[in-house]
Amino acid sequence: MKRHIAVDIGSESGRVIAGWLEDGRLVTDVLYRFKTQFVQMRRRSVRNFYRYHEEILKGLRLYAEKYGPELASIGVDAWGADFVLLDRAGDIMKLPQSYRTFTGVEDVLDIIERKFGLRALYDINGNQRQPSDTLNQLLRLIRDGHPSLDDPRGILFVSDMFHYLLGAEPCCEHSLASYSGFWNQRENRWDADIMRAFGIPDSLCSKVVYAGDTVGYVDEKILRDAGIEGPVAIITPCAHDTSTAALAIADLGSDWAFVSSGTWSLMGFETDAPVINDISFRYNFSNSTMPLRTNMFKKNITGTWLVQQCCEAWRMNDYNAIVDLTEASPDNDWIIDVNAAEFYAPDSMPRAIAASVKRDFGADVDPDDKGTICRIAFQSMAVKYRYYLERLLKAADKRISKLYIISGGSRNRVINQFAANACRIPVSTGVYEASSVGNLLLQAYGCSELRDKPAMRQVVIDTFPQTVFEPRDAELWEKKYRAYESVAQPNAW
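Residues numbered from 1 in each chain as written. Predicted model: local features only at pLDDT ≥ 70, side-chain atom pairs only at ≥ 80, totals over all residues. Heavy atoms only, no water.

1. A word on the pairing of strand β2 (residues 13–22)
Here is the rule: We call a residue buried when its accessible area falls under 20% of the maximum for its residue type, exposed when it is over 50%, and partly exposed in between, using a 1.4 Å probe and counting protein chains only. In this description a helix means any DSSP run of H or I spanning at least four residues, a strand means any run of E spanning at least two, and both kinds are numbered starting from the N terminus. A strand pair is defined by DSSP finding two or more bridges across the two strands.
When you tally the buried positions in β2, you get seven out of ten residues, the bulk of the element. Pairing between strand β1 (residues 4–9) and β2: six bridges, direction antiparallel. Along β2, the bridge assignment pairs I9 with G14. Joining the antiparallel neighbours β1 and β2 is a turn of three residues. Across ten bridges, the pairing between β2 and strand β3 (residues 25–35) is antiparallel. The partner of R15 across the bridge, within β3, is R33. Remark: two residues form the turn of the hairpin made by β2 and β3, two consecutive strands paired antiparallel; D23 in that turn has positive phi of roughly 55°.

2. Focus: the pairing of strand β6 (residues 73–78)
In terms of residue burial, β6 counts as a mostly covered element, since six of its six residues are buried. Summarising the sheet, β6 and strand β14 (residues 233–235) pair through two bridges and their orientation is parallel. In the strand pairing of β14, I74 is matched with I234.

3. Quick word on the packing of helix α1 (residues 49–67) against helix α5 (residues 158–166)
The criterion, for reference: The convention used is that axes are lines fitted to C-alpha atoms, helices contributing only their stretch in contact, and that angles between N-to-C directions extend from 0 to 180 degrees. Roughly parallel refers to an angle under 35 degrees, roughly antiparallel to one over 145, roughly perpendicular to one between 65 and 115, and oblique to any angle outside these ranges. By convention the crossing between two helices is left-handed if the near helix lies anticlockwise of the far one by an angle smaller than a right angle, and right-handed if it lies clockwise. Pairs of residues are marked as contacts when any of their non-hydrogen atoms sit within 4.5 Å. Here the term charged refers only to Asp, Glu, Lys and Arg, the term nonpolar to Ala, Val, Leu, Ile, Met, Phe, Trp, Tyr, Cys and Pro, and the term polar to all other amino acids, Gly among them.
Packing of α1 against α5 brings their axes to within 11 Å, and their N-to-C directions diverge by 60°. In terms of orientation, α1 lies oblique with respect to α5. Crossing angle aside, the handedness with which α1 passes α5 is right-handed. Residues F49, Y52, H53, I56, L57 and L60 of α1 lie in contact with α5, whose contacting residues are V158, M161, F162, L165 and L166. Taken together, the residues of the contact of α1 with α5 break down into ten nonpolar, one polar and no charged.

4. Some points on the environment of K480
Relative to the assigned elements, K480 resides in helix α18 (residues 474–487). Remark: the alpha-carbon pair of K480 and M1, spanning 479 residues in sequence, is separated by 52 Å. In this structure K480 touches D331, N332, D333, I335, Q379 and V383, once residues within four positions along its chain are discounted.

5. Notes on the sheet that holds β2
Taken in spatial order, the six strands make up an open sheet running β3-β2-β1-β6-β14-β13, and their pairing is mixed. Bordering the open sheet on either side are β3 and β13 (214–217), each of which pairs with just one other strand. Geometrically, the sheet is characterised by an average inter-axis angle of 25° between neighbouring strands, direction not taken into account. Looking at chain direction, β1 and β6 are connected through six bridges and run parallel. From the neighbouring strand, D8 faces β6, where its bridge partner is D77. Across the sheet, α1 lies against β1, β2, β3 and β6, angled at about 135° from β3, the strand it touches most. Across the sheet, α5 lies against β1, β6, β13 and β14, angled at about 150° from β6, the strand it touches most.

6. Structural notes on the packing of aromatic side chains
For clarity, the cut-off: Side-chain rings of Phe, Tyr and Trp (the six-membered ring for Trp) are treated as a pair once their centres are within 6.5 Å; stacked means planes under 30 degrees apart, edge-to-face means over 60, and tilted covers the remaining angles. The rule is short: NZ of Lys or CZ of Arg within 6 Å of the ring centre and within 35 degrees of the ring normal puts a charge over the ring.
In the structure shown here, the tally under the stated rule is 22 aromatic pairs. Geometrically, the ring pair formed by F49 and W79 is tilted, given 6.3 Å between the ring centres and 40° between the ring planes. Pair noted here: F49 is in helix α1 and W79 is in the loop between β6 and β7 (83–85), with a separation of 30 residues, a long-range link. W79 shares its class with F49; the two are buried. Arranged with centres 6.3 Å apart and planes meeting at 25°, the rings of Y52 and F162 form a pair that is stacked. Residue Y52 is located in helix α1, and its partner F162 is located in helix α5; the two are separated by 110 residues in the primary sequence. An aromatic cluster of three or more residues is present, and its members are F269, Y283, F285, F297, Y387, Y388, Y481 and Y484. Its guanidinium or amino end placed over the ring of Y481, R386 lies 3.8 Å from that ring's centre, counting from NZ or CZ.

7. Regarding empty space enclosed by the protein
One way to see where empty space is left: roll a probe the size of a water molecule over the atoms. For the record, the criterion: A cavity here means a set of 1 Å grid points, computed over protein atoms only, where a 1.4 Å probe fits but cannot escape. A pocket is an open set with protein on both sides within 12 Å along at least 5 of 7 lines, and lining residues have an atom within 4 Å of a point. Grid points are joined across faces, edges and corners, and a volume is the space filled by probe spheres set on the points.
Summed over all chains, the structure comprises two cavities of 30 Å³ or more. Counted as a void, the largest cavity has a volume near 140 Å³. Around the largest cavity, the lining is made up of 14 residues, and of these L121, N125, N127, Q128 and R129 lie nearest the centre. Of all the secondary structure elements, the ones that give two or more residues to the lining of the largest cavity are α3 (118–125) and α4 (134–143). Residue classes in the lining of the largest cavity are distributed as six nonpolar, six polar and two charged. Reported here for the second largest cavity is a volume of approximately 30 Å³. In terms of lining residues, the second largest cavity is bounded by D160, H163, C171, E173, V209, V215 and T236. Secondary structure elements with two or more residues in the lining of the second largest cavity: α5 and β9 (171–173). Its residues placed into classes, the lining of the second largest cavity shows three nonpolar, two polar and two charged.

Written out as structure tokens, the structure reads:
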């Protein structure tokens with residue numbers, strides 16, 4: 001039996017999960033969870049990746065204590081956009097700032113339009129415009145003359161960086177290279193024209209690898225300290241956690257879309273090739289790699305960030321209680337545009353939601369009324385799902401009959417039911433650690449235990465029973481959707 005470790009680094013927490021195949025099913029064991037919040041350094045909020053690395057090493061020790069010295073492989077997945085740059089000695093030059101620092105794209109849109117053209121850029125990279133996108137972050141560093149771009153010797157995205165710290169070669173897994181903003185989707189390469197236009201050094205381009213590839217072996221000293229016998233392969237999943245999560249769909253067909261529900265709700269589906277056209281450009285849709293070289297066509301929607309920030313303001317961390325309070329709250333038709341700039345990084349999320357409702361509906365909502373505030377947030381997420389799902393399907397000329405909600409947010413029965421009601425199709429849930437599941441399956445694939453994507457999805461079907469939420473209250477939710485249309489902000493990304 002080959003055991004593997006999946007490390008899933010999220011924007012709120014990290015997980016170290018052991019997993020292995022047994023009688024056609026995936027057995028998982030959550031060894032360790034840790035916080036991944038920002039730390040304040042020199043008037044900046046940054047990611048302390050070195051602490052996260054120490055947490056991964058602790059997870060390795062916990063594995064050895066429980067399962068002994070044998071381990072086949074390890075792989076890390078994480079969020080997109082953020083990165084580190086290497087210097088000539090192979091050292092990391094700077095820690096990335098909190099992506100919530102960047103509250104808009106206006107400061108870089110003029111640069112893009114002047115030097116390349118927004119539509120010309122999209123026709124090549126097929127990617128959205130968000131404040132914290134990799135290209136936008138690079139453009140700010142170049143504009144400000146940051147010394148990290150004087151002579152960089154490679155870029156590593158978050159997952160790639162943790163593989164590198166464990167002992168891998170410096171390389172970028174394709175799912176995040178394809179999401180960087182300077183990758184040519186049609187020709188499958190770093191795009192020299194984009195880089196030249198913006199002054200991005202050629203030396204920044206790291207070697208590109210694919211999910212399931214062995215990119216190195218864990219450092220022998222790390223293994224000795226953990227009590228593990230080598231060699232242990234570092235097998236990269238899709239470095240982008242959403243791409244890895246979207247592998248964990250309990251379905252062998254193609255008539256579905258998914259929402260990977262967490263701090264962000266990433267909605268999309270699998271296509272054979274990138275979708276780049278007038279509709280996808282207008283609605284700021286993205287393309288990036290899925291496992292085994294298919295395409296993920298998707299949209300970023302603000303997710304449980306809204307409620308996470310409300311809970312922080314209320315000094316409350318019981319999400320089950322939040323669900324109960326939401327269900328007990330009277331129904332209303334107050335809707336906010338969850339992707340509007342005012343909800344990206346407000347000083348107080350409850351006050352921001354209440355202010356939006358007052359402005360658009362003339363209603364007074366108490367920012368401390370937890371049930372009402374959360375009902376507004378959850379139903380607003382659900383109608384936003386419908387809005388973008390309809391447009392994603394139109395852009396790709398695709399039809400579906402079901403929606404899968406995966407990852408941690410799918411434990412929330414309120415948003416699952418609201419999504420079914422708003423989108424008017426059945427919603428299935430059951431894979432709560434989807435990124436880790438996809439990660440483990442890709443490691444098993446890399447170790448020749450699973451032969452292809454259908455085999456991996458069959459394991460998901462056999463392992464994770466699905467709960468189905470059927471649509472309800474069609475007229476009621478049509479009214480809510482019309483309320484959304486009245487408040488939708490044209491400049492919301």
